[in-house]
Each structure stands twice: as structure tokens, then as C-alpha cells.
Amino acid sequence: RSSGYGSMPSHNHSGSHFVSVFYLYSDPSDTGNLVLHDPRFNANRGYLPKHQDQFANIEFTPKTGDVIIFPSNFMYPHLVKDCTKGTRYSFVSWAY
């Protein structure tokens, strides 16, 4: 449960293949987005500015009932932003 706090700095889950997050309840006001980083460090080097957006982080705004599954090894760091206004109940599981 997160309410008024609940951020997680950039991290990964070494040893597991996938992580899933099930949002049991997510207040629509502001419950902290999940940010997935592009695993290709410095891959945007040499591309024109008009193509830079394809290397941007993916920011996911959770809604009640959402499930997100993504790779969780060392190549796929992610973070959770602060839960500043609302309340978030989420269930996280890992696949090894």
C-alpha cells in the first residue's frame, strides 16, 4: 500500500526473468507512475533529434485492474515515482 509515499529508485530484479504488477486499487489523482528505462544504454547516439523519442523511457500511469508484465533482469531497470496525492494498492510477483 502506498499513500503519500511509496517511490522506488531505479532498480532491477536480478535472478528473475519477469516481474508482474497487478494494481488492486489505484486512485486516479496521482499514485506514482511506473517508469521503464530503455535497456539499450547510449543507443540513441548518432540519431537525428527527430528520432530521439524512440529511445525515451516508457511511463505507465496505473489504473485499477491493470496488470503489467515486463522483463526484470539487469538489462531492464525501472522505477516507481512518488505516490503524492492518492492511494495505490499493488501486488508484485516475480517469475524465476
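Remember, it's a predicted structure, so these values are computed and weren't measured experimentally. (Residues numbered from 1 in each chain as written. Predicted model: local features only at pLDDT ≥ 70, side-chain atom pairs only at ≥ 80, totals over all residues. Heavy atoms only, no water.)

Visitor: Whenever I open this one, the packing of aromatic side chains confuses me. Can you help?
Guide: Applying the stated criterion across every chain yields a total of two aromatic pairs. Plain terms: the ring middles of Tyr-23 and Phe-60 are 6.1 Å apart, the flat faces sit at 40° to each other, and that makes the pair tilted. Separated by 37 residues along the polypeptide, Tyr-23 in strand 3 (residues 18–26) and Phe-60 in strand 5 (residues 58–60) bring together distant segments of the chain. By relative accessible area, which is 5% here, Tyr-23 ends up buried. Look at Phe-60 and you get partly exposed, because its relative accessible area is 22%. (Phe/Tyr/Trp six-rings, centres within 6.5 Å; stacked < 30°, edge-to-face > 60°. Helix = DSSP H or I, 4+ residues; strand = E, 2+ residues; numbered from the N terminus. Buried < 20%, exposed > 50% of the residue type's maximum accessible area, 1.4 Å probe, protein only.)

Visitor: Teacher, can you tell me more about the sheet that holds strand 7 (residues 78–80) here?
Guide: Strand pairing within a sheet occurs via backbone hydrogen bonds; the two strands may be parallel or antiparallel. As summarised here, the arrangement of the four strands in space is 2-7-4-5, forming an open sheet in which the pairing is antiparallel. Pairing within the sheet leaves two strands with one partner each, and these edge strands are strand 2 (8–11) and strand 5. Each adjacent strand pair in this sheet contributes to an overall mean axis angle of 15°, direction not counted. (Pairing = 2+ DSSP bridges. Axes fitted to C-alpha atoms, helices over the stretch in contact; angles between N-to-C directions.)

Visitor: Explain the nonpolar core to me, please; I cannot follow it from the model alone.
Guide: The tendency in soluble globular proteins is for nonpolar side chains to be buried as a group. Judged by nonpolar contacts, Val-19, Val-21, Tyr-23, Leu-34, Leu-36, Ile-68, Phe-70 and Val-80 together constitute the single largest core of eight residues. The residues contacting Phe-70, other than those within four sequence positions of it, are His-17, Phe-18, Val-19, Val-21, Leu-34, Leu-36 and His-78. (Core = buried A, V, L, I, M, F, W, Y, C linked by side-chain atoms within 4.5 Å. Contact = heavy atoms within 4.5 Å.)

Visitor: Can you walk me through the side chain of Ser-26 in this structure?
Guide: Along the polypeptide, Ser-26 turns up in strand 3. Note on Ser-26: relative accessible area 5%, which makes it buried. For Ser-26, the side chain forms a polar contact with the main-chain oxygen of Pro-62, separated by 3.2 Å. Contacts of Ser-26, omitting those with residues within four sequence positions, involve Thr-31, Pro-62, Lys-63, Thr-64 and Thr-87. (Polar contact = N/O pair within 3.5 Å; in protein donor to acceptor, adjacent residues only side chain to side chain.)

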